[in-house]
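Each chain is listed here by its residues.
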Amino acid sequence: MKIKAKACGEFAPVYPVIVPVVTVPLAERSYPIFIGDGLLSSLGRRCAALKLGSRCAVITDRNVAPLYAKKAMASLVAAGFNPSLITGPAGETSKSVTMVESCYDQLAKHRLERSSFIVALGGGVVGDLAGFVAATYLRGVAFVQVPTTLLSQVDSSVGGKVGVNLKAGKNLVGAFYQPRLVLCDLGTLKTLPKREFRAGLAEVIKYGIIYDAALFARLEKDLPKLLAGHQASLASVVARCCEIKAEVVCQDETETGLRAILNFGHTIGHAIENTCGYGKYLHGEAISIGQVAAAKLSAEVVGLSDKEVDRITQLFVRAGLPIQIKLSATQRQKLMAAMLLDKKVSAGMVKFVLAKKIGLVEPGHKINPKLIEDVLRVESPIRASIVNRKS
Ligand code: NAD
Ligand code: GLY
């Protein structure tokens, strides 16, 4: 799948801005992902092209609203829409059934109809929540993703996984429901807190490990440029990540096989988020620890070389992400119990995605819980020399 570059003159009267477009090819549910600086002002025009009803709702959070809601609403109004704004608290705790109900109430108040649509303006939390609301309100209304964090631009806005958390675990209630379009305005990343940007890099690095050794090598070289917010590097990396996600999702939309590779490091990551309390570790930080643990498991089980475990560990360290977690024996037990609630558990066995080498992974490995506990020990002898030497 190739990225098509489209010339589009709307933001620059003097020279055309090149907007990379990645398509997620899912037959009649195919949709484009537009990537570029300043795209938010084109939201209304791009929604108009979808030929939906005039009533719509923008769902966002309290951090994003003051920064971007006015621009999004103005663009929709200018294109002839009648939008209402729904603003909820920021953070993982908003991915809740309570927030879903609050959104339903506000949609009903604004009299959204079957032909109406919902715009998710924000990070992965807003995207997952708003997408689930869209999937279920009136048995489904259209929705558009406008991701404003690096993590949501490269991952959560693409592929149609939407949902909320339960006390018992992450994303336990949800649906597969594809957006009608994704608009990644790279300009929104300029206001993103550094810690959140680094958390997004955890998903970026994941694509290198699971699918694309050349991307991984490019990240090793270009990490300083990405951390400095270099627009051209960001645009090409975001586009490559979206392209990989589209390539995986179009082969296995509902995760019966291949799509599971996108969960590399997530089984441990989700358990960390759940047992430490949502919000203590950002999702990207938790899966950074999870991916380093999965790399160590890979070395034990499928022969990932020490050199590659080292490269993986180093890239997360250089991105400013945590690579290990100190747990008491009780906390470790809790984490192991949380892992058994993961959606990837079958017949009581936790299944892992393991890397044979950078760029090539295999899903479906059943791992002895004792080995998982061992790699999670900070003082673990398993590959500890590598981690300790570098961190
Ligand atoms: P988030 O949505 O909580 O956003 C991070 C923080 O940044 C929030 O405080 C938010 O208000 C703020 N923010 C967002 N955009 C901003 C901007 N441009 N400027 C300033 N502040 C901004 O977190 P996230 O990392 O984007 O997403 C994490 C969520 O995504 C998790 O719930 C995770 O489970 C989910 N996720 C879903 C998928 C999927 O396929 N659906 C994939 C990966 C992750
Ligand atoms: N982020 C995992 C998936 O979309 O399948």
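Structure first, text after, so check above.
Because the structure is predicted, anything quoted here is derived from the model rather than measured.

Visitor: Report on the overall build of the protein, specifying residues and quantitative values.
Guide: Scanning the protein for helices and strands turns up 14 helices and 12 strands. Within the span of the protein, comprising 391 residues, buried residues form 58% of the whole. Here the analysis covers contacts within the protein between residues at least 6 apart in sequence; of these, 75% occur between residues at least 24 apart. Total accessible area on the protein is roughly 15,800 Å²; 56% of this is exposed by carbon and sulfur atoms.

Visitor: Please set out the side chain of S84 residue by residue, giving values where relevant.
Guide: In this fold, S84 is placed in strand β5 (residues 82-88). A relative accessible area of 13% means that S84 is categorised as buried. If sequence neighbours within four positions are ignored, S84 has contacts with C56, A57, V58, M73 and H110.

Visitor: So, the site of ligand 2: which residues are in play, and what are the values?
Guide: Every residue near ligand 2 is listed here: D155, K161, K245, E255, R259, L262 and N263. In this structure, an oxygen atom belonging to ligand 2 sits 2.9 Å away from a side-chain N or O atom of K161. Grouping the amino acids of the shell around ligand 2 by side-chain chemistry returns one nonpolar, one polar and five charged.

Visitor: How would you sum up the nonpolar core? Please name residues and give values.
Guide: Grouped burial of nonpolar side chains is what soluble globular proteins tend to show. Counting residues in hydrophobic clusters, the biggest one holds 58 residues, and the most contacted among them are I33, I35, L150 and F316. Considering each element in turn, this core owes the most residues, 11 residues, to helix α8 (residues 231-251). If near-sequence neighbours (up to four positions away) are discounted, I33 is found in contact with P20, V21, V22, V24, V158, V182, C184 and C242. Grouped together as the second largest cluster of nonpolar side chains are 25 residues, L43, C47, M73 and L183 included.

Visitor: Describe in detail the site of ligand 1, supporting the description with residues and values.
Guide: In the vicinity of ligand 1 lie 28 residues, with E92, T148, T149, K170 and T191 positioned nearest. Between ligand 1 and T188 there is a distance of 2.8 Å, counted from a nitrogen atom to a backbone nitrogen or oxygen. One of the side-chain N or O atoms of T191 is found 2.7 Å from a nitrogen atom in ligand 1. Only α2 (65-78), α4 (124-136), α5 (150-156), β9 (169-176) and α6 (194-211) provide two or more residues apiece to the shell around ligand 1.

Visitor: Help me get a handle on the packing of aromatic side chains, residues and values and all.
Guide: Centre-to-centre distance and the angle between the planes together describe a pair of aromatic rings. If you walk through the whole model with that rule in mind, you get three aromatic pairs. Here F81 and F117 contribute two aromatic rings whose centre-to-centre distance is 5.1 Å and whose plane-to-plane angle is 80°, an arrangement assigned as edge-to-face. Here the residue F81 occupies a position in the loop between α2 and β5, and F117 occupies one in strand β6 (residues 117-122), the gap between them amounting to 36 residues. Of the residues examined, F117 reaches a relative accessible area of 0% and is grouped as buried. Taking the centre distance of 6.0 Å and the plane angle of 10° together, the rings of F143 and Y177 count as stacked. With F143 in strand β7 (residues 142-147) and Y177 in the loop between β9 and β10 (181-185), the pair connects residues that are 34 residues apart, well separated along the chain.

Thresholds applied
- Within every chain, residues take consecutive numbers counted from 1 along the sequence as written.
- Whichever chain is written first is A, and whichever ligand is written first is 1; the rest continue in order.
- Only residues with pLDDT of 70 or above have their local features reported here, since the model is predicted, and side-chain atom pairs are shown and tallied only from 80 upward, although totals for entire chains, interfaces and linings are computed over all residues.
- Excluding hydrogens and water, the side-chain figures rest on all heavy atoms present in the structure.
- Runs of H or I in DSSP of at least four residues are treated as helices and runs of E of at least two as strands, each being numbered from the N terminus.
- Only protein chains enter the area calculation, which uses a 1.4 Å probe; residues under 20% of their type maximum are buried, those over 50% are exposed, and those in between are partly exposed.
- In this analysis, two residues are considered to be in contact whenever any of their non-hydrogen atoms come within 4.5 Å of each other.
- Residue burial considers only the protein chains on display, and all accessible areas are found by Shrake-Rupley using a 1.4 Å probe.
- Working definition: residue near molecule or strand if any one of its non-hydrogen atoms lies within 4 Å of it.
- We define a polar contact as two N or O atoms separated by no more than 3.5 Å, with the added condition that, inside protein, one atom must be a possible hydrogen donor and the other a possible acceptor, whereas residues neighbouring each other in sequence contribute only through side-chain atom pairs.
- Ten residues, namely Ala, Val, Leu, Ile, Met, Phe, Trp, Tyr, Cys and Pro, are considered nonpolar, four, namely Asp, Glu, Lys and Arg, are considered charged, and the remaining ones, Gly among them, are considered polar.
- The nonpolar core is taken to be a set of buried Ala, Val, Leu, Ile, Met, Phe, Trp, Tyr and Cys residues, with the residues joined through side-chain atoms within 4.5 Å.
- Note on ring pairs: Phe, Tyr and Trp rings are taken, using the six-membered ring of Trp, and paired if centres are within 6.5 Å. Classes follow the plane angle, with under 30 degrees stacked, over 60 edge-to-face and the rest tilted.

None of this, on its own, says anything about what the molecule does.
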